[in-house]
Amino acid sequence: MNKYKLDRIYRNSKEQPKPWVIPVAIAALISSFSMGYLTGRHQQSAAQKFCVGVILPLTGDSAYIGQSIKNGMEIARADYDKESDVKNPNLQMEFSDTGGDPARVVTAYQSLVNLKNCQSIVAVQQGIKALIPLAEKDQRVLLATSAPDNGITGKNSWVFRFFISAEKDAAVMANYAIGKLNLRKAAIIYVNNSTGISYRDSFTQKFTELGGGVLEEQAFNPDDTDFRAQALKIKQAAPDTVYIVGYGKSMANIPIQLRQAGVNATFLSMGTISQPEILQAAGQAANGIYYTTAEFATDLNNGPPELKQFVQEYRTRFNTTPVFFEFFGYDSLRLLLLAAKRGGTEPKQIRQALSEINQVPLAVGTVSVNPEGNVQFPIIVRKIVDGKWAPAP
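Quantities reported herein were computed from a predicted structural model and do not represent experimental measurements. (Residues numbered from 1 in each chain as written. Predicted model: local features only at pLDDT ≥ 70, side-chain atom pairs only at ≥ 80, totals over all residues. Heavy atoms only, no water.)

A. The sheet that holds strand S9 (residues 266-269), seen in detail. Read across the open sheet, the 7 strands follow the order S7-S6-S8-S9-S10-S14-S15; overall the sheet is mixed. In the strand order of this sheet, the two ends are held by strand S7 (213-220) and strand S15 (388-391), each with one partner. Geometrically, the sheet is characterised by an average inter-axis angle of 30° between neighbouring strands, direction not taken into account. Note: strand S8 (residues 241-245) against S9, 3 bridges, orientation parallel. The partner of Thr 241 across the bridge, within S9, is Thr 266. Running over the sheet, helix H8 (residues 228-237) touches strand S6 (185-191), S7 and S8 and is turned about 175° from S7. (Pairing = 2+ DSSP bridges. Helix = DSSP H or I, 4+ residues; strand = E, 2+ residues; numbered from the N terminus. Axes fitted to C-alpha atoms, helices over the stretch in contact; angles between N-to-C directions. Contact = heavy atoms within 4.5 Å.)

In structure tokens:
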């Protein structure tokens, strides 16, 4: 073979690829594309996750409140899961039981934020104020419910409340007492915690501002059952009205023992006194009590479509009728989901969308969020007649 042929064979052997090179290159390209696609899908899925952490009492004396709120949230979650919109965020819910102990609230919050990476926190009842600076520091939306205490909202832009506030609730009652019932001399018996103190202070401020006077204030502990000492002091003060603030069994025992002590004043109270088990336990002593409540809670059969739907779904699932707290659990989750769908799942997006809520129909009625972060809905006065609520004159 001459030198020319040898050179051509050598050059061809270098220029032509080996038979295995092309398949390997194609496989590498496909693998690279697949990994990029899967990574992108994973990042998109992670970005769309919406974790709502819920801090509430599922055991202890306040378990009925926590369980009622949780039940309402379960109905809202079921409704959300039925939606067919593939763009909806992937809802993840995490519940943390405090046992009604305020000291456990901060630990629960830290676990939900640092371990579960929840973008929003719903907190129920006591201990919420300790979370206010943490929500601002961590930039997490904090939605308080079943928490009427003064001083929760208005501190920073990360905190919202979806519940009756003591300030508004007590002011409505004071206005009614002065303007409609012509009462001027009040006594207050209240549970000795942040909720009771908030109601006491708010009622006193508004009642005296309108020309009335508070003659006597008596506190009691949440687990007290004997109120005879407080009743005696209230009788000696001779008021024409007694404002009763509390929750649980005390709300049945206090009217009974006030009547037994000979207190003949007009009784005023808050929505917790209208729960069926309390009215049944209080019996005749509850008759004639005026109380404030959310408008939705007075007639579950003639409310807006959103209320009727929730009541029907609740009855079907739990074989009982929702009373009060269940509605706030239901609507609190619905409000957060609406904010996430409108604005996005990042905390700043949720905060912005919540602050823009205006005239949105929910089970509790048509709601709006005021500049301080309070969800606004109608509050009215009702009267207990023959163990049931009736329209107040």
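B. The arrangement of the packing of helix H6 (residues 166-179) against helix H7 (residues 194-209) in detail. Here H6 crosses H7 at 40°, and the two axes come no closer than 8 Å. On the basis of their axis angle, the class for H6 and H7 is oblique. H6 and H7 meet at a crossing whose hand is right-handed. For the pair H6 and H7, the contacting residues are Ala 166, Glu 167, Asp 169, Ala 170, Ala 171, Met 173, Ala 174, Asn 175, Ala 177 and Ile 178 in the first and Ser 198, Tyr 199, Ser 202, Phe 203, Lys 206 and Phe 207 in the second. Among the residues forming the contact of H6 with H7, the class breakdown is 10 nonpolar, 3 polar and 3 charged. (Parallel < 35°, antiparallel > 145°, perpendicular 65-115°, else oblique. Left-handed = near helix turned anticlockwise from the far one by under 90°. Nonpolar A, V, L, I, M, F, W, Y, C, P; charged D, E, K, R; others polar.)

C. The arrangement of unusual backbone geometry in detail. Although it is not a glycine, Ser 146 adopts a positive phi angle of roughly 50°. The residue Ser 146 is located in the loop between strand S4 (141-145) and strand S5 (159-161) in this model. The phi dihedral of Asp 386 falls on the positive side, at around 55°, and the residue is not glycine. Note that Asp 386 resides in the loop between strand S14 (379-385) and S15. Relative accessible area serves as the criterion here: at 64%, Asp 386 is assigned to the exposed category. (Buried < 20%, exposed > 50% of the residue type's maximum accessible area, 1.4 Å probe, protein only.)

D. Structural context of the state of the cysteines. Under the counting rule described, the total for this entry stands at 1 disulfide. Covalently, Cys 51 is tied to Cys 118 through a disulfide, its sulfur atoms 2.1 Å apart. Here Cys 51, found in strand S1 (residues 49-56), pairs with Cys 118, found in the loop between helix H4 (105-115) and strand S3 (120-124); they are 67 residues apart in sequence, far enough to count as distant. Taking the relative accessible area as the measure of exposure, Cys 51 reaches 0% and is therefore buried. Look at Cys 118 and you get buried, because its relative accessible area is 0%. (Disulfide = S-S within 2.5 Å.)

E. View of the side chain of Gln 119. Counting through the fold element by element, Gln 119 comes out in the loop between H4 and S3. Polar contacts involving the side chain of Gln 119 include one to the main-chain amide nitrogen of Cys 51, which spans 2.7 Å. If we ignore the near neighbours within four places in the chain, the residues touching Gln 119 are Lys 49, Phe 50, Cys 51, Arg 140, Val 141, Thr 345, Pro 347 and Ile 350. (Polar contact = N/O pair within 3.5 Å; in protein donor to acceptor, adjacent residues only side chain to side chain.)

F. Fine view of H4. Along H4, the positions that sit buried rather than exposed are Val 105, Ala 108, Tyr 109, Leu 112 and Val 113. Projected down its long axis, H4 carries its buried residues within an arc of 120°, all on one side. Relative to its buried face, H4 has exposed residues pointing more than 90 degrees away, namely Thr 107, Asn 114 and Leu 115. Contact partners of the buried residues in H4: S1, strand S2 (90-97), S3 and helix H5 (132-138). (Arc of directions from axis to C-beta.)

G. Representation of helix H11 (residues 305-318) in the model. Here H11 contains 14 residues, and its C-alpha end-to-end distance of 20 Å stays within 8% of the 20 Å for a straight helix at 1.5 Å per residue. Listed as buried for H11 are Leu 307, Phe 310, Val 311, Glu 313 and Tyr 314. Tucked inside the fold, the buried residues of H11 contact helix H3 (63-82) and helix H12 (325-343). Phi turns positive one or two residues past the end of H11, at Asn 319, with a value near 60°. (Expected span 1.5 Å × (residues − 1).)

H. Region of the structure containing the packing of aromatic side chains. A full pass over the atoms with the stated rule returns 20 aromatic pairs. Ring geometry for Phe 162 and Phe 377: centres 6.0 Å apart, planes at 50°, overall tilted. Placement of Phe 162 in the loop between S5 and H6 and of Phe 377 in the loop between strand S13 (375-376) and S14 is noted, with a sequence separation of 215 residues between them. A residue is classified by how much of its surface remains accessible, and Phe 162, at 0% relative accessible area, is buried. When the ring centre of Trp 158 is taken as reference, the NZ or CZ atom of Arg 351 above it lies at 4.1 Å. (Phe/Tyr/Trp six-rings, centres within 6.5 Å; stacked < 30°, edge-to-face > 60°. Lys NZ or Arg CZ within 6 Å of the ring centre and 35° of its normal.)

None of this, on its own, says anything about what the molecule does.
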